[in-house]
Each structure stands twice: as structure tokens, then as C-alpha cells.
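Here is what each chain is made of, one letter per residue.
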Amino acid sequence: MADQGLAVSLFLALRLGRPLFLEGEAGVGKTSLAAAAAAALDADLIRLQCYEGLDISHAVYEWDYARQLLELRILDAAGDLRRIAMRS
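Not measured: the values here are computed from a predicted model.

Attention now goes to the overall build of the protein chain. Scanning the protein chain for helices and strands turns up four helices and zero strands. Starting at the N terminus, the α and β elements of the protein chain follow one another as α-α-α-α.

Structure representation (C-alpha cells):
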């Protein structure tokens, strides 16, 4: 069960359509709260492991690394195809 302050914070974040930043020691229930809220809202849970030195540019850049890598390979392959076509 969440205390009143946490419940109000979650309510306001949902009502205003804003993210809720949770911080605290390991094991206090941050992920459990997020999982319960996601389940109640039938939403995907996206968990970002934070650490000292992580900033938004690193978090966003590393967010979908596999997709970015695939896109770069596709662009590289397309460039190779254009160079081959230009030689012909």
C-alpha cells in the first residue's frame, strides 16, 4: 500500500500526463509501484536503470540501441548499393 503522499503524486502525474520520477534505496518498491500502475492502466512498463553520470542524452541514445544499429546498417547497405549502381 502506498502512503498518501505517494498516492497523490501518482494521481497528479497521471492526471497531468507527466512522468513520475521515483528515487530511493534498493528494495523500497519503486519498480513494484511502476509495475502495478502499468498493469492497472494496461500500459507497457519501460524501466530505465539509472546510475551516477547517466544523463538524458545517454539514456535516450542508448534507449533503442538495437533498432538504431539496424537502421545504420540499412543506411550503410543502401549507400553501398547506390555506389555500386553509380559505377554501372
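Attention shifts here to a nonpolar patch on the surface. Together, Val 8, Phe 11, Leu 12 and Leu 16 give the surface a local cluster of nonpolar side chains, amounting to about 390 Å² of exposed area. Secondary-structure assignment places Phe 11 in helix H1 (residues 4–16).

Moving on, we come to H1. Over its 13 residues, H1 extends 18 Å from the first C-alpha to the last, a length consistent with the 18 Å expected when each residue adds 1.5 Å. One or two residues past the end of H1 sits Gly 17, with phi positive at roughly 70 degrees.

At Asp 42, a residue that is not glycine, the phi angle is positive and equals roughly 55 degrees. By secondary structure assignment, the location of Asp 42 is in the loop between helix H2 (30–40) and helix H3 (56–61). The class for Asp 42 is exposed, based on a relative accessible area of 74%.

Take H2 next. Those residues of H2 not exposed but buried are Leu 33, Ala 37 and Ala 38. The arc that holds every buried residue of H2, seen down its axis, measures 130 degrees, which confines them to one face. Opposite the buried face of H2, at more than 90 degrees from it, the exposed residues are Ser 32 and Ala 39. Structurally, H2 contributes buried residues whose contacts are with H1. Asp 42 sits one or two residues past H2 and shows a positive phi near 55 degrees.

Of the residues in the protein chain, 78% have a pLDDT of 70 or more, and the chain-wide mean is 79. Between the elements of the protein chain, mean pLDDT differs from a low of 68, seen in H3, to a high of 93, seen in H1.

Thresholds, definitions, all that
- Residues numbered from 1 in each chain as written.
- Predicted model: local features only at pLDDT ≥ 70, side-chain atom pairs only at ≥ 80, totals over all residues.
- Heavy atoms only, no water.
- Helix = DSSP H or I, 4+ residues; strand = E, 2+ residues; numbered from the N terminus.
- Patch = residues over 30% accessible without salt bridge, like charges linked within 9 Å, V, L, I, M, F, W, Y side chains within 5 Å.
- Areas by Shrake-Rupley, 256 points an atom, 1.4 Å probe, with all protein chains shown as cover.
- Salt bridge = Lys/Arg side-chain N within 4 Å of Asp/Glu carboxyl O.
- Expected span 1.5 Å × (residues − 1).
- Buried < 20%, exposed > 50% of the residue type's maximum accessible area, 1.4 Å probe, protein only.
- Arc of directions from axis to C-beta.
- Contact = heavy atoms within 4.5 Å.
- pLDDT = per-residue confidence, 0-100.

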